[in-house]
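Chain by chain, the residues:
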Amino acid sequence: MKKSIFIIILSVVVVLTIAVWFFKTYSFEDVQDLLLYPIILIILTWGLFIGISRIRSQRKGQPPEDEFSRKVMRKASSISFYVSIYAWLILSYIDDHVQFETHSVIGLGILVMVIIFVGFWTIFRFWGIRDE
Amino acid sequence: MNNRIKELRARFNLTQDALAKIVGVRRETIVFLEKGKYNPSLKLAYDISKAFHVKIEEVFIFDQDIREDPRNY
């Protein structure tokens, strides 16, 4: 139960930090920056989904995480890391041709990594892991 | 790999939640096992077969019926 509450608190803190950083750094005129809103929403939804499903399992007398959930997390982490390398490569290539500020590139890279991880996690969580 | 978890669960009149509790996993894991979307670890396969009082090979069935016998080598 403590770990589940910790995950929920951590996800809320992360989202709040991103929100504060977003409001301090960007202006609302730039439409491109508004893309951050759905990303923040994705992170928040994902964190809450994990936290709530863990609490629900514990209430039923089941473990908050088991071999399947751990395997989904491990596989999503490893594949998203692998794909992120290519994402950073593409970002650095774009950065060579289009002038971005350094902090924008780093921020964008981290957000891309988050999207890739959440994407793969969702795929494995709802489609399952076969042949392993 | 196919399995007979759903069939055995019905025979023992167990819900997915009850089986999950017995073998120490989450209900989602049982759902994915029954759908054939997840292959369990050896320990979980053993625990499930133990819950139904049968052998592992009576619960989990491999698709490849024709296998090369290692004794031929």
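This text follows the structure it describes.
A quick note: this is a predicted structure, and the numbers were derived from the prediction, not measured.

> For the interface of chain A and chain B, give the residues involved together with the corresponding values.
Across the contact, 22 residues belong to chain A and 17 residues belong to chain B. Buried area between chain A and chain B, summed over both chains or domains, comes out near 1600 Å², and the portion from carbon and sulfur atoms is 43%. On the chain A side of the interface with chain B, the three residues burying the most area are A:Gln62, A:Glu67 and A:Phe68, jointly 33% of the side's total. Linking chain A with chain B are 1 salt bridge, by the criterion used here. Of the charged contacts, one joins A:Lys60 and B:Asp17 as a salt bridge, the two residues approaching to 3.8 Å between their closest N and O atoms. The interface formed by chain A and chain B contains 9 residue pairs in polar contact (both at pLDDT 80 or more). At the level of elements, helix H2 (36-59), helix H3 (67-97) and helix H4 (102-127) of chain A are the ones that each hand at least two residues to the side of chain A that touches chain B. Top element by residues in the side of chain A that touches chain B is H3(A). It accounts for 4 residues.

> I'd like a description of the side chain of B:Gln16, backed by residues and values.
Tracing the chain through its elements places B:Gln16 in helix H2 (residues 16-23). Leaving out residues up to four positions away in the same chain, B:Gln16 has contacts with B:Arg9, B:Arg27, B:Ile30, B:Val31 and B:Glu34.

> Residue-level account of H2(B), with values.
All names here are of chain B. Among all positions of H2, only Gln16, Leu19, Ala20 and Val23 are buried. The arc that holds every buried residue of H2, seen down its axis, measures 100°, which confines them to one face. Residues Lys21 and Ile22 are exposed on H2 and point more than 90 degrees away from its buried face. Next to the buried residues of H2 lie helix H1 (5-11), helix H3 (27-35) and helix H4 (42-51). Positive phi appears at Gly24, one or two residues downstream of H2, with a value of about 75°.

Parameters and conventions
- Residues numbered from 1 in each chain as written.
- Chains lettered and ligands numbered in written order.
- Predicted model: local features only at pLDDT ≥ 70, side-chain atom pairs only at ≥ 80, totals over all residues.
- Heavy atoms only, no water.
- Contact = heavy atoms within 4.5 Å.
- Buried area = accessible area lost by both parts, 1.4 Å probe.
- Salt bridge = Lys/Arg side-chain N within 4 Å of Asp/Glu carboxyl O.
- Polar contact = N/O pair within 3.5 Å; in protein donor to acceptor, adjacent residues only side chain to side chain.
- Helix = DSSP H or I, 4+ residues; strand = E, 2+ residues; numbered from the N terminus.
- Buried < 20%, exposed > 50% of the residue type's maximum accessible area, 1.4 Å probe, protein only.
- Arc of directions from axis to C-beta.

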